[in-house]
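Structural overview for review
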Amino acid sequence: METLLPLFVAIPIFSAILILLVGKWDKKIFPRIWSILTTLSLLVLLVLFWDKGTIIHEMSGWKPPYGIVLIKDSLSQLMLLIVNGVAFLTIVYSYSYILRYEDYLRFFSLFMLMLAGMNGVVLTGDLFNLYVFLEIASLASYALVGYGVGGEELEASFKYLILGVFASMLILFGVGMVYSVTGSLNMADIARFLISHPGNKAVLMASGLFIVGFGLKAGLVPFHAWLPDAHPSAPAPISAMLSGVLIKVLGIYSMIRVFYHVIGITPIISNTFLAIGCLSMIVGALMGFGQDDMKRLFAFSSISQMGFVMVGIGLGTPLGIIGALFHLLNHAGFKSLLFLSSGAIEGETGTRNLSELGGLREKMPVTSASSVVGSLSISGVPPFNGFWSKLIIILAAFQAGKIWVASLLVLTAFLTLSYYLKFQKNAIFGNIVEKVKGAREAPMPMVVPLVLFAVICLFVGVFNYTIISNIIIPAQQILMDRGGYILSIFGNI
Amino acid sequence: MTLYFLNFVLFIIGLYALVAKRHIVKKILGVSIMEYSVNLFLILIGFKKSGVAPILMKDMDLSTFIKTAVDPLPQALVLTSIVIGLGTLALMVAMAIRIYERYGTFDMHEINRLRG
């Protein structure tokens with residue numbers, strides 16, 4: 001069973017190469033079909049591993065702490081579900097979206113590399129290996145952001161590249177610093193060492209480097225400058241992957257794994273998380289207001305929603321972390337849905353500006369309905385999923401006695417609702433304007449993922465208790481149990 | 001300690017080039033300098049003055065070997081990091097060429113169609 005664990009990384013890398021090789025003979029059909037099959041097989045693999053407890057695979061048979069280990073626990077399982085679920089639906093959507101580009105091969109090949117990197121980040125139990133997988137995913141995403149090779153795409157991609165490389169270097173610096181103190185790269189081994197030798201100054205500096213590095217990857221304020229350019233410039237499926245998955249896996253997930261399991265959470269760090277979270281949430285929401293470009297609006301709202309997650313994590317209480325992890329899952333659903341629907345709308349009307357749109361409800365009924373579901377979910381309207389996760393985070397803030405944080409959370413929730421109402425009023429409802437007159441419903445492979453995402457949003461919202469108790473709470477327990485994490489790797493030795 | 005300090009100075013020089021220079025190629029050079037400084041830092045972690053290669057021969061004494069051998073793990077890390085750096089550099093240069101084709105300039109101040 002555990003020997004199958006590397007397949008999560010191996011399958012997408014293999015198909016990335018295969019797509020390029022076979023692409024010499026079949027440039028159009030094979031890449032599209034094969035990538036759907038790849039992501040489907042990853043989902044099947046996930047079902048095989050579902051709820052099997054903590055599974056550890058030692059690469060090449062080297063025992064930890066000497067070799068690299070892959071770990072699948074409940075937290076990784078939640079992230080794998082998010083990554084591979086969103087990737088599958090996005091690839092199905094790309095089946096017809098990619099028709100507007102000339103080159104299919106490199107798109108799907110890079111997509112697969114990005115997927116492999118993210119699965120690796122989620123599974124690895126080795127600090128340097130985390131950095132390597134993080135770079136694989138990031139490098140693929142830099143290239144994908146500039147996929148349109150227009151001036152603006154390249155500019156956004158270059159900005160993202162420079163800041164992303166800087167972030168990676170800080171992370172590598174931090175890894176080196178932690179290694180110089182502990183003499184190990186295995187996360188559990190480092191944690192074991194740091195528990196017995198607390199209060200090291202070099203580790204404190206490494207924590208700072210990690211916060212800035214992962215914060216840059218997550219696009220949190222004040223490290224967000226690249227995000228509102230990069231996410232709108234990318235092709236719609238890539239925006240959905242970047243906003244829905246990449247910033248969560250490379251930023252938030254790595255940050256919570258490193259701080260909760262490896263370095264250990266202290267009041268200073270959790271207060272920093274809280275401050276960054278509040279700042280991101282407010283700044284993202286305020287900046288989102290003035291946007292006319294719908295994808296820029298969604299990008300700023302991503303910053304704001306990641307702020308919610310960081311606040312939940314920074315509170316540090318079990319309820320806060322449950323809310324944060326639940327919001328991660330929900331945000332992957334509705335933000336991917338919104339970005340994909342913006343791609344469908346842009347494809348039919350040729351514009352993304354809210355002021356040039358109107359009355360899409362009559363011309364593109366299914367796309368409109370699902371994007372309305374998405375925006376209701378993100379603005380926190382019951383019974384959709386966003387309501388429950390925001391409610392849990394707000395309750396957690398009250399429970400922790402942080403009234404100011406709770407009131408900021410409520411304020412941001414209102415702001416979110418208001419700018420999504422603006423999106424709905426300008427784009428979906430209202431009178432049909434000139435540009436919308438020729439619009440038709442998007443083709444079937446683009447509509448089906450949208451509807452599925454909308455159904456997921458509603459489903460998770462209605463059955464929130466089942467989802468939380470079966471998926472989120474085990475992940476939260478794993479996250480807060482640092483000793484259990486060490487024991488799960490070294491317990492059997 | 002002096003070595004670490006000089007290494008840090010190298011990092012700052014790279015950061016200066018990245019932040020203050022307007023020319024894209026100079027920014028790329030800055031990134032490369034920073035990469036070198038991080039690699040150098042990793043090497044310095046395992047460095048020992050007049051150390052020997054970490055290969056244990058049959059006629060060596062184990063305790064003196066542990067004292068004199070350099071740490072091989074950071075060297076392996078740096079190898080990986082250099083390869084990643086090469087990939088990043090290739091991507092950056094390719095992107096700089098494409099940007100020049102689109103904008104006709106390398107000046108980052110004139111490449112500002114996006115608002116950031």
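In what follows, the structure referred to is the one given above.
1. Focus on the overall build of chain B
Looking only at helices and strands, one finds four helices and zero strands in chain B. Taken from the N to the C terminus, the helices and strands of chain B come in the order α-α-α-α. Taking 13 Å as the expected radius of gyration for a compact globule of 116 residues, we find that chain B reaches 20 Å, considerably beyond that expectation. In chain B, which comprises 116 residues, the proportion classed as buried is 36%. Look at the contacts in chain B between residues 6 or more apart in sequence, and 51% of them connect residues 24 or more apart. Of the accessible surface of chain B, which amounts to about 7300 Å², a share of 69% is contributed by carbon and sulfur atoms. Side-chain charges in chain B split into 12 positive and 7 negative, and the spacing between the mean points of these groups amounts to 8 Å.

2. Comments concerning the overall build of chain A
A count of helices and strands for chain A gives 20 helices and two strands. Whereas a compact globule of 493 residues would reach a radius of gyration of roughly 23 Å, chain A reaches 21 Å, a difference of no more than 12%. When its C-alpha atoms are laid out on the principal axes, chain A stretches across 70 × 60 × 40 Å. Expressed as a percentage of the 493 residues in chain A, the buried residues total 64%. A fraction of 81% describes how many contacts in chain A between residues 6 or more apart in sequence connect residues 24 or more apart. In the structure as shown, chain A presents an accessible area of about 16000 Å², 69% of it carried by carbon and sulfur atoms. Charged side chains in chain A number 29 positive and 23 negative. The centres of these two groups are separated by 3 Å.

3. Considering the interface of chain B and chain A
A common way to express how large an interface is: the accessible area buried when the components associate. The interface is formed by 35 residues belonging to chain B together with 36 residues belonging to chain A. Buried area between chain B and chain A, both sides added, is near 3300 Å², and the carbon and sulfur share of it is 80%. The tally of links from chain B across to chain A stands at four residue pairs in polar contact (both at pLDDT 80 or more). Residue assignment for the side of chain B that touches chain A shows that the elements contributing at least two residues are α1 (2–20), α2 (24–46) and α4 (72–103) of chain B.

4. Comments concerning the packing of aromatic side chains
All names here are of chain A. Under the defined criterion, the tally for this structure stands at 25 aromatic pairs over all chains. Look at F128 and Y131: their rings are 5.6 Å apart centre to centre, the planes differ by 40 degrees, and that puts the pair in the tilted class. Here Y131 and F128 lie together in helix α5 (residues 127–145), a separation of three residues that amounts to about one turn. Accessibility classification places F128 together with Y131 in one group, the buried group. An angle of 85 degrees between the planes, with centres 6.5 Å apart, marks the rings of Y420 and F423 as edge-to-face. With Y420 and F423 both in helix α17 (residues 403–428) and three residues apart, the pair spans about one turn of that helix. What makes Y420 buried here is its relative accessible area of 0%. An aromatic cluster is present here, built from Y93, Y97, Y101, F107, F108, F111 and Y147 joined pairwise through their rings. K28 extends its terminal NZ or CZ atom over the ring of Y104, reaching a point 4.2 Å from the ring centre.

5. Focus: unusual backbone geometry
Residue and element names in this part refer to chain A. The step from P64 to P65 runs through a cis peptide bond, and the omega angle for that step is 5 degrees. Across the junction of V221 and P222, the peptide omega takes the value 10 degrees, indicating a cis bond. Assignment of secondary structure puts P222 in the loop between α8 (201–218) and α9 (227–233). One non-glycine residue, S60, lies in the positive phi region at around 55 degrees.

6. Overview of the nonpolar core
Residues and elements named next belong to chain A. Ranked by size, the top nonpolar core spans 203 residues in total, and within it L127 and F210 carry the most contacts. With 19 residues, helix α10 (residues 236–263) is the single largest residue contributor to this core. Excluding residues within four positions of it along the chain, F210 makes contact with L127, I171, G174, V175, V178, G215, V258, F259 and I263. The next biggest cluster of nonpolar side chains, apart from the first, holds 14 residues, and it includes F308, A396, A397 and L409.

7. Examining the pattern of salt bridges
Following the criterion strictly, the structure yields 14 salt bridges over all chains and no others. Between R192(A) and D189(A) there is a salt bridge whose closest N-O contact spans 3.0 Å. Here the residue R192(A) and the residue D189(A) both occupy positions in helix α7 (residues 187–196), the gap between them amounting to three residues, near one helical turn. Among the salt bridges present, the one from R22(B) reaches D107(B), with a minimum N-O distance of 2.8 Å. In this pair, R22(B) is assigned in the loop between α1 and α2 and D107(B) in the segment after α4, connecting sequence segments 85 residues apart. Classification of R22(B) by relative accessible area gives partly exposed; the value is 40%. Among the charged side chains, a network of salt bridges with common partners joins E155(A), K159(A), D229(A) and R296(A).

8. Thoughts on the pairing of strand β1 (residues 55–58) of chain A
Residues and elements named next belong to chain A. Only one face of β1 is buried: it carries I55 and H57, and the other face, with I56 and E58, is open. One ladder, built from four bridges, connects β1 with strand β2 (residues 69–72); its direction is antiparallel. From the neighbouring strand, E58 faces β2, where its bridge partner is V69.

9. Digging into a nonpolar patch on the surface
Residues and elements named next belong to chain A. A cluster of nonpolar side chains, namely M1, L4, L7, I29, I33, L37, L40, V44 and L48, defines an oily patch on the protein surface of about 700 Å² accessible area. The element that contributes the greatest number of residues to the nonpolar patch is helix α2 (residues 29–49), accounting for six residues. Along the polypeptide, L4 turns up in the segment before α1 (7–22). Under the relative-accessibility criterion, L4 is labelled partly exposed at 31%.

10. Here we look at the side chain of T182(A)
Residues and elements named next belong to chain A. Within the element layout of this structure, T182 appears in helix α6 (residues 151–182). For T182, a relative accessible area of 12% puts it in the buried group. At 2.9 Å, the side chain of T182 forms a polar contact with the backbone oxygen of V178. If we skip the residues at most four places from it in the chain, T182 touches I190, F193 and L194.

Each value, and the rule that gives it
- Residues numbered from 1 in each chain as written.
- Chains lettered and ligands numbered in written order.
- Predicted model: local features only at pLDDT ≥ 70, side-chain atom pairs only at ≥ 80, totals over all residues.
- Heavy atoms only, no water.
- Helix = DSSP H or I, 4+ residues; strand = E, 2+ residues; numbered from the N terminus.
- Rg over C-alpha atoms; globule rule 2.2 N^0.38 Å.
- Buried < 20%, exposed > 50% of the residue type's maximum accessible area, 1.4 Å probe, protein only.
- Contact = heavy atoms within 4.5 Å.
- Areas by Shrake-Rupley, 256 points an atom, 1.4 Å probe, with all protein chains shown as cover.
- Lys, Arg positive; Asp, Glu negative; His and termini not counted.
- Charge placed at Lys NZ, Arg CZ, Asp CG, Glu CD.
- Buried area = accessible area lost by both parts, 1.4 Å probe.
- Polar contact = N/O pair within 3.5 Å; in protein donor to acceptor, adjacent residues only side chain to side chain.
- Phe/Tyr/Trp six-rings, centres within 6.5 Å; stacked < 30°, edge-to-face > 60°.
- Lys NZ or Arg CZ within 6 Å of the ring centre and 35° of its normal.
- Core = buried A, V, L, I, M, F, W, Y, C linked by side-chain atoms within 4.5 Å.
- Salt bridge = Lys/Arg side-chain N within 4 Å of Asp/Glu carboxyl O.
- Pairing = 2+ DSSP bridges.
- Patch = residues over 30% accessible without salt bridge, like charges linked within 9 Å, V, L, I, M, F, W, Y side chains within 5 Å.

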